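Structural overview
Here is what each chain is made of, one letter per residue.
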Amino acid sequence: MNPPHYWPLLDNNGLLQIPMRFYGLLLLLLRPYLCWVTELSMMRSEHSLLSQFYPRQHDFLVACLIALPLLLLVAALSQRRVKGHRFWYYLWRPGLWLLWLVTLADFAHSISALDANVILDAPWRLIAPCLLLVAMLWLACSKTLPMIFKEWPEQVKPDNDTTASSR
């Protein structure tokens, strides 16, 4: 008989596992950078991927500036391990508020950048504001995200007795 699984499961460091929805939210909010990298990796053609999502260059630049703080949050997420640097904890702790601010700013920018006839010309540009609304609901209702942003792995200190006795 299998032992019962208790949710949420812990990761290897004894911390709460980060939900996959969190990574999906990061991908959604970092979409200007993802579109940019995709555009750079594609062959040149008449139709640009960036122009499909950001018809005006100013919209793309503003979207990149809005998503810029999330790059620091991704860097802090990469250090959320036992051997990670403690400095990143001070950027990780206010991460939930940072997610809220970036999501709200991205939603406001996405709505304001829509043209009057977007439903006829480019209906795929309505997907991002709808997904951002769902993301805001998840941020408001999530009970695990506040706990995830409060915890950080403890540093493992070397045992001085074992190093002294090995000499």
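What you see is a predicted model, and the numbers here were worked out from it, not measured in a lab.

Looking now at helix α4 (residues 57-78). With 22 residues, α4 extends 31 Å between its outermost C-alpha atoms, agreeing within 8% with the 32 Å of an ideal straight helix rising 1.5 Å per residue. Of all the bends in α4, the largest measures some 35° and sits at L68, one to four residues before the proline P69. For α4, every residue scored as buried is listed here: D59, F60, A63, C64, I66, A67, L70, L73, A76 and L77. Tucked into the core, α4 has its buried residues touching α1 (20-29), α2 (31-41), α3 (49-53), α5 (89-92), α6 (95-112) and α9 (144-150).

This part takes up the side chain of E39. Residue placement: E39 occurs in helix α2. With a relative accessible area of 17%, E39 lands in the buried category. A distance of 3.4 Å separates a polar atom in the side chain of E39 from the backbone nitrogen of L50. For E39, the residues in contact, after removing those within four places along its chain, are S48, L49 and L50.

On the surface, a nonpolar cluster with roughly 360 Å² of combined accessible area is contributed by F53, W124, I127 and L131. Relative to the helices and strands, F53 is located in helix α3. The exposure class of F53 is partly exposed, given its relative accessible area of 34%.

The subject of this paragraph is the nonpolar core. One finds F22, W92 and L99 to be the most contacted residues of the largest nonpolar core, which totals 35 residues. Going through the elements one at a time, α1, α2, α4, α5, α6, α8 (127-141) and α9 are the ones with two or more residues in this core. Broken down by element, this core gets its largest block of residues, 9 residues, from α4. Setting aside its immediate chain neighbours within four residues, L99 contacts F22, L25, L26, L29, L70, L73, L139 and F149.

Quick notes on the rules
- Residues numbered from 1 in each chain as written.
- Predicted model: local features only at pLDDT ≥ 70, side-chain atom pairs only at ≥ 80, totals over all residues.
- Heavy atoms only, no water.
- Helix = DSSP H or I, 4+ residues; strand = E, 2+ residues; numbered from the N terminus.
- Expected span 1.5 Å × (residues − 1).
- Bend = angle between axes of the 7 residues up to and from the residue.
- Buried < 20%, exposed > 50% of the residue type's maximum accessible area, 1.4 Å probe, protein only.
- Contact = heavy atoms within 4.5 Å.
- Polar contact = N/O pair within 3.5 Å; in protein donor to acceptor, adjacent residues only side chain to side chain.
- Patch = residues over 30% accessible without salt bridge, like charges linked within 9 Å, V, L, I, M, F, W, Y side chains within 5 Å.
- Areas by Shrake-Rupley, 256 points an atom, 1.4 Å probe, with all protein chains shown as cover.
- Salt bridge = Lys/Arg side-chain N within 4 Å of Asp/Glu carboxyl O.
- Core = buried A, V, L, I, M, F, W, Y, C linked by side-chain atoms within 4.5 Å.

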